Amino acid sequence: MKVDYHFHLEEGPYSSRWLKRTFDAIDHFNDSQHEAHTREWLKEALATLGKRIEHGPFSEEWLDLYLEQAKRLDLKEVGIVDHLYRFKEYKPYYEKHMYLRNDELGKLQRSWLDKVCVESIQSFIELIENAKPKWMEEGIELRLGLEADYFLNGEEELAGILKENQYDYIIGSVHFLDGWGFDNPQTQELFLNHDLYTLYEEFFNLVENAISSRLFDFIAHLDNIKLFGYRPNEEELIPFYERIAKKLSELDLATEINAGLYYRYPIKEMCPSPTFLKILAENKVEMTISSDAHFPDDLGNYAAEQLDILKKLGIDEVTTFKQRKKLKHPIEFIVC
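If you're wondering where the values come from, they're calculated on a predicted model, not measured in any experiment. (Residues numbered from 1 in each chain as written. Predicted model: local features only at pLDDT ≥ 70, side-chain atom pairs only at ≥ 80, totals over all residues. Heavy atoms only, no water.)

Quick notes on the packing of aromatic side chains
Note on aromatic pairs: each is described by the distance of the centres and the angle between the planes. The condition that has to hold: Stacked, edge-to-face and tilted labels apply to pairs of Phe, Tyr and Trp rings (six-membered ring for Trp) whose centres lie within 6.5 Å, assigned for plane angles under 30 degrees, over 60, and everything in between, in that order. Helix and strand definitions follow DSSP, with helices as H or I runs of at least four residues and strands as E runs of at least two, each counted in order from the N terminus. We call a residue buried when its accessible area falls under 20% of the maximum for its residue type, exposed when it is over 50%, and partly exposed in between, using a 1.4 Å probe and counting protein chains only. Charge over a ring is defined by NZ of Lys or CZ of Arg lying within 6 Å of the ring centre and within 35 degrees of the ring normal.
Going through the model one piece at a time under the given rule, you end up with 34 aromatic pairs. Consider the rings of tyrosine 169 and phenylalanine 321, whose centres lie 5.7 Å apart with planes at 20°: the pair is stacked. Of the two residues, tyrosine 169 sits in strand β4 (residues 169–173) while phenylalanine 321 sits in strand β10 (residues 317–322), which places them 152 residues apart along the sequence. Take tyrosine 169 and phenylalanine 321: they sit in the same class, and that class is buried. Directly above the aromatic system of tryptophan 62 lies the positively charged group of arginine 52, at a separation of 4.4 Å from the ring centroid.

Quick notes on the nonpolar core
The criterion, for reference: Only buried residues count toward a nonpolar core, which is a set of Ala, Val, Leu, Ile, Met, Phe, Trp, Tyr and Cys residues joined through side-chain atoms within 4.5 Å. The contact definition used throughout considers only heavy atoms, calling two residues in contact when any of these lie within 4.5 Å.
In terms of nonpolar packing, the biggest core is built from 118 residues, with Leu9, Phe124, Trp135 and Phe216 touching the most fellow members. Discounting chain neighbours no more than four positions away, the residues touching tryptophan 135 are Leu63, Tyr66, Leu67, Ala70, Val78, Ile140 and Leu142.

Quick look at unusual backbone geometry
Residue proline 13 follows glycine 12 across a cis peptide bond; omega there is 0°. With respect to the element layout, proline 13 can be found in the loop between β1 (2–7) and α1 (16–29). Residue proline 272 follows cysteine 271 across a cis peptide bond; omega there is -5°. Secondary-structure assignment places proline 272 in the loop between α10 (260–264) and α11 (274–282). Residues other than glycine seldom take positive phi values, yet lysine 268 does so here, at roughly 55°. Located in the positive-phi region is lysine 284, a residue other than glycine, with phi close to 55°. Tracing the sequence through the fold places lysine 284 in the loop between α11 and β9 (287–290). By relative accessible area, which is 70% here, lysine 284 ends up exposed.

Topic: the sheet that holds β9
This is how it is decided: The pairing criterion for strands is at least two bridges between them, as found by DSSP.
With respect to topology, 7 strands assemble into an open sheet ordered β1-β2-β3-β4-β7-β8-β9, the strand pairing being parallel. On the outer flanks of this sheet lie β1 and β9, each paired with one strand and no other. As paired strands, β1 and strand β2 (residues 75–80) are joined by 4 bridges and run parallel to one another. Note that in β2 the partner of aspartate 4 across the bridge is valine 78.

A word on the environment of isoleucine 279
Positionally, isoleucine 279 belongs in helix α11. Overall, isoleucine 279 belongs to the buried group, its relative accessible area being 8%. Separated by 125 residues in the primary sequence, isoleucine 279 and glycine 154 place their C-alpha atoms 29 Å from one another. With sequence-adjacent residues up to four places away left out, isoleucine 279 is seen in contact with Ile238, Tyr241, Glu242 and Ala245.

With respect to helix α9 (residues 238–250)
As a reminder of what qualifies: Expected span of a helix: the number of residues minus one, times 1.5 Å.
Along its 13 residues, α9 runs 18 Å from first to last C-alpha, staying within 8% of the 18 Å computed at 1.5 Å per residue. For α9, the set of buried residues is Ile238, Phe240, Tyr241, Ile244, Ala245, Lys247 and Leu248. Buried residues along α9 sit against α8 (196–212), β7 (218–219), β8 (254–258) and α11. With its phi angle positive at about 55°, aspartate 252 sits one or two positions after the end of α9.

Re the pattern of salt bridges
Let me state the cut-off plainly: Here, a salt bridge means any side-chain nitrogen of Lys or Arg that lies within 4 Å of a carboxyl oxygen of Asp or Glu.
Inspection of the entire model under this criterion finds 32 salt bridges. Notably, a salt bridge pairs arginine 72 with glutamate 68, separated by 3.2 Å at the nearest N-O pair. Pair noted here: arginine 72 and glutamate 68 are both in helix α3 (residues 60–72), with a separation of 4 residues, about one helical turn. Overall, glutamate 68 belongs to the partly exposed group, its relative accessible area being 30%. If you follow the salt bridges from partner to partner, you end up with Asp223, Lys226, Arg231, Glu234 and Glu269 in one network.

A word on the side chain of serine 120
The following threshold applies: Two N or O atoms form a polar contact when they lie within 3.5 Å of each other; inside protein one atom must be a possible hydrogen donor and the other a possible acceptor, and for residues adjacent in sequence the pair counts only when both atoms belong to side chains.
Mapped onto the secondary structure, serine 120 falls in the loop between α5 (104–116) and α6 (121–137). At 3.2 Å, the side chain of serine 120 and the side chain of glutamate 89 are in polar contact. Beyond its immediate stretch of four places on either side in the chain, serine 120 contacts Phe58, Phe87, Lys88 and Glu89.

Observations concerning helix α12 (residues 303–312)
Selection criterion: Starting at the helix axis, one direction is taken to each C-beta atom, and the arc is that of these directions.
Three or more residues of α12 are buried, namely Ala303, Gln306, Leu307 and Leu310. Projected down its long axis, α12 shows its buried positions confined to an angular sector of 95°, all on one face. Each element contacted by the buried residues of α12 is listed here: β1, β8, α11, β9 and β10. Where α12 ends, the next residue or the one after it, glycine 314, has phi of about 85°, a positive value.

Remarks on the pairing of β9
Of the two faces of β9, the one carrying Met287 and Ile289 and the one carrying Thr288 and Ser290 are both buried. With 4 bridges joining them, β8 and β9 adopt parallel strand pairing. Looking at the pairing, glutamate 256 lines up with threonine 288 of β9.

Structural notes on the packing of α1 against helix α2 (residues 39–55)
The condition is simple: For helices, the fitted line uses only the C-alpha atoms of the stretch in contact; every axis is such a line through C-alpha atoms, and the angle between N-to-C directions lies from 0 to 180 degrees. The cut-offs work like this: below 35 degrees is roughly parallel, past 145 is roughly antiparallel, 65 to 115 is roughly perpendicular, and the gaps in between are oblique. A crossing counts as left-handed when the near helix is turned anticlockwise from the far one by less than a right angle, and as right-handed when that turn is clockwise. As a working rule, the residues Ala, Val, Leu, Ile, Met, Phe, Trp, Tyr, Cys and Pro are called nonpolar, Asp, Glu, Lys and Arg charged, and the rest polar, with Gly in that last group.
It is at 10 Å that the axes of α1 and α2 come closest, and there the two elements cross at 115°. One way to sum up the angle between α1 and α2 is to call them roughly perpendicular. Seen along the crossing, α1 lies across α2 with a hand that is right-handed. Judged by residue contacts, Trp18, Leu19, Thr22, Phe23, Ile26 and Asp27 of α1 engage Trp41, Leu42, Ala45, Leu46, Thr48, Leu49, Arg52 and Ile53 from α2. Here the contact of α1 with α2 is composed, by residue class, of 10 nonpolar, 2 polar and 2 charged.

The following block contains the structure:
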């Protein structure tokens, strides 16, 4: 039995890269009778791609590809989330807290927000809830989650948003510093304008505030600020790691070992780093595992490796969620 508790149904905005990556995902599952790279194979694949574009990310046929991958990997419990910024109902929350001034960064981020914030939260919820029985028939528990960005002084507003619908779990994450979306490849040069230690201090202060808010069931990718490889000497960060680990343990809040940065970003390292993960284990912080996939063929990426890492650190359980309550699973029963 394996689990994956943090993956998405779409990555945006739409681009030629998105088109190719979506095509590759569809082709991964395409059981075509035609030889690959023939005209007939291409026509068939393009027809499926056309349906994907027409029906959008919250369609049963797209979700079925995730189900197929979950079955191939023998995943027994999975949690699907999407970013809060994907949903047009919550655009005002981002407009209030993102940097959207009339300068280069502000215009770029405004353009990004307008392109990604286009879906309806109810369409997402209905898709996942309606699919739960189908997945159960295949022996897989499907959970509904949401990944919500934490902004300083946004707790009250976010608390109201999170109460609007019922979820199995809510992930808290930090993707913005003073409104700057630091994980956007188009803005990564801004790291060069900052003292890295000071920037990391600001980041971990936000993470600690997110933990203290008690709005979330687990906190995602605890050191994702490293994604482009800009990081001070990690020895300098250990006091931050220890502070975060103690706060998570004190408030009985879980985190994850997240593979996304390992296979999708220049840092080529999971979140948290091995040093950070060791400190979390020493503080007995509860853990789940995730691929942070944005396409169905990445679902479950490195799950077995993640479980092996946790076992070697003396962590004997992983945590999952149902109706905002924790479930514990002994690792020896998870590894196949």
